[in-house]
Amino acid sequence: VNGNEVSAMSHRQLYECRKDIGVLLQDGDLFTDLTVFENIATPLREHTDLSDEAISERVMSKLESVGLTGTEDLMPHSLSGGMARRVALARAVILNPKIVLFDEPMTGLDPIAMSTVSRLIRETNDKLGLTSVIVTHNVHQMKKLVDHCYILAGAKLIAQGSPQSLAQSKDPSVDQFMN
């Protein structure tokens, strides 16, 4: 990961390596007892020595980047699914990681929220120059999000390439998945 052999890392080195990896799980996994602001600030408080003022500036900037200015005092239970996913995205990238892992980021979202979250993931990825790994079954959204795909079936890699090239595949398994 980032040029380092993870299996050879000490506990401390692994902890440091993980700071360069953001994660957005399919349900967002926000801390239910923390405000939107504190959910996003948690990685900064845990992994940096930034002042409260610097943390506030970064959190508010991330909230603005995901279109949620003014929501910092809300609790997770008062957010729509799309809003919660955007808060989770802001939290996943607050440490400016090099890699972000997404697990089914569109699951459970209505079409409007899905479109918004999809656009934000792509814009965030491009703006920050991230390497993103997106696990998804949503082929339509995947075509908008990714530059390169890997298709797994039966615990094996059966195809890889751009979404466009895979959509034109003559392999029956790939064609069935993509089309």
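Structure: see above.
Rules used in this analysis
- Residues numbered from 1 in each chain as written.
- Predicted model: local features only at pLDDT ≥ 70, side-chain atom pairs only at ≥ 80, totals over all residues.
- Heavy atoms only, no water.
- Helix = DSSP H or I, 4+ residues; strand = E, 2+ residues; numbered from the N terminus.
- Rg over C-alpha atoms; globule rule 2.2 N^0.38 Å.
- Expected span 1.5 Å × (residues − 1).
- Buried < 20%, exposed > 50% of the residue type's maximum accessible area, 1.4 Å probe, protein only.
- Contact = heavy atoms within 4.5 Å.
- Polar contact = N/O pair within 3.5 Å; in protein donor to acceptor, adjacent residues only side chain to side chain.
- Lys, Arg positive; Asp, Glu negative; His and termini not counted.
- Salt bridge = Lys/Arg side-chain N within 4 Å of Asp/Glu carboxyl O.
- Pairing = 2+ DSSP bridges.
- Right-handed = clockwise from strand over helix to strand, strands pointing away.
- Core = buried A, V, L, I, M, F, W, Y, C linked by side-chain atoms within 4.5 Å.

> I would appreciate a short explanation of the overall build of the protein in the present structure.
Regarding its fold elements, the protein presents 8 helices and 5 strands. Its helices and strands in sequence order give the protein the pattern α-β-α-α-α-β-α-β-α-β-β-α-α, from N to C terminus. On C-alpha atoms alone, the protein measures out to a radius of gyration of 18 Å, which is about the 16 Å that the 2.2 N^0.38 rule sets for 179 residues. Along the three orthogonal principal directions, the C-alpha set of the protein runs to about 55 × 45 × 25 Å.

> Even after reading the chapter, I still don't get helix 5 (residues 111-128), so can you show me in this structure?
Each full turn of the α-helix corresponds to 3.6 residues, which orients residues three or four apart in the same direction. Between its terminal C-alpha atoms helix 5 stretches 26 Å, which fits the 26 Å expected from 18 residues at 1.5 Å a residue. All buried positions along helix 5 are accounted for by Ala113, Met114, Val117, Ser118, Leu120, Ile121, Arg122, Thr124 and Asn125. Against the buried residues of helix 5 lie helix 3 (52-65), helix 4 (81-93), strand 2 (99-103), strand 3 (131-135) and helix 6 (139-145). If you check the start of helix 5, you find a side-chain oxygen 2.9 Å away from the backbone N of Ile112, and it comes from Asp110.

> I'm lost on the side chain of Arg86 in this one. Help?
By the secondary structure assignment, Arg86 is in helix 4. Buried and unpaired, Arg86 has no salt bridge, with Asp110 as the nearest side chain of opposite charge at 9.4 Å. Polar contacts involving the side chain of Arg86 include one to the main-chain carbonyl oxygen of Val66, which spans 3.1 Å. Filtering out sequence-adjacent residues up to four positions away, Arg86 remains in contact with Val66, Gly67, Leu68, Thr116, Val117 and Leu120.

> I would appreciate a short explanation of the environment of Leu128 in the present structure.
For Leu128, the position within the fold is in helix 5. Setting aside residues no more than four positions away along its own chain, Leu128 makes contact with Lys62, Val93 and Asn96.

> Would you take a moment to explain the pattern of salt bridges for this structure?
Two side chains that carry opposite charge are able to pair once their charged atoms sit near each other. This structure, assessed with the given rule, holds 8 salt bridges. Residue Lys98 is joined to Asp20 by a salt bridge in which the shortest nitrogen-to-oxygen separation is 3.8 Å. Residue Lys98 is found in the loop between helix 4 and strand 2, and its partner Asp20 is found in the loop between helix 1 (11-18) and strand 1 (21-24); the two are separated by 78 residues along the sequence. A relative accessible area of 24% means that Asp20 is categorised as partly exposed.

> Looking at this structure, I do not really get the pairing of strand 3. What am I missing?
Consecutive residues of a regular strand have side chains that alternate between opposite faces of the sheet. Note that strand 2 and strand 3 share 5 bridges and pair parallel. Bridge pairing in strand 3 links Asp103 to Val135. For the handedness criterion, the β-α-β arrangement of strand 2, helix 5 and strand 3 is classed as right-handed.

> Quick question: what am I supposed to make of the pairing of strand 1 here?
Residues Gly22 and Leu24 of strand 1 are buried on one face, while the alternating residues Ile21 and Val23, pointing to the opposite face, are not. Summarising the sheet, strand 1 and strand 2 pair through 4 bridges and their orientation is parallel. The partner of Ile21 across the bridge, within strand 2, is Ile99.

> Would you mind showing me how to read the nonpolar core here?
Note on soluble globular proteins: their nonpolar side chains tend to be buried together. In this structure, Ile40, Val59, Leu89 and Ile121 are the most contacted members of the largest nonpolar core, which totals 43 residues. Every element with two or more residues in this core is listed here: helix 2 (36-47), helix 3, helix 4, strand 2, helix 5, helix 6, strand 4 (149-153) and helix 8 (172-178). It is helix 4 that contributes the most residues to this core, 8 residues altogether. Not counting the four nearest positions on each side in its chain, Ile121 is found in contact with Leu89, Phe102, Pro105, Met106, Ile134 and Leu145.

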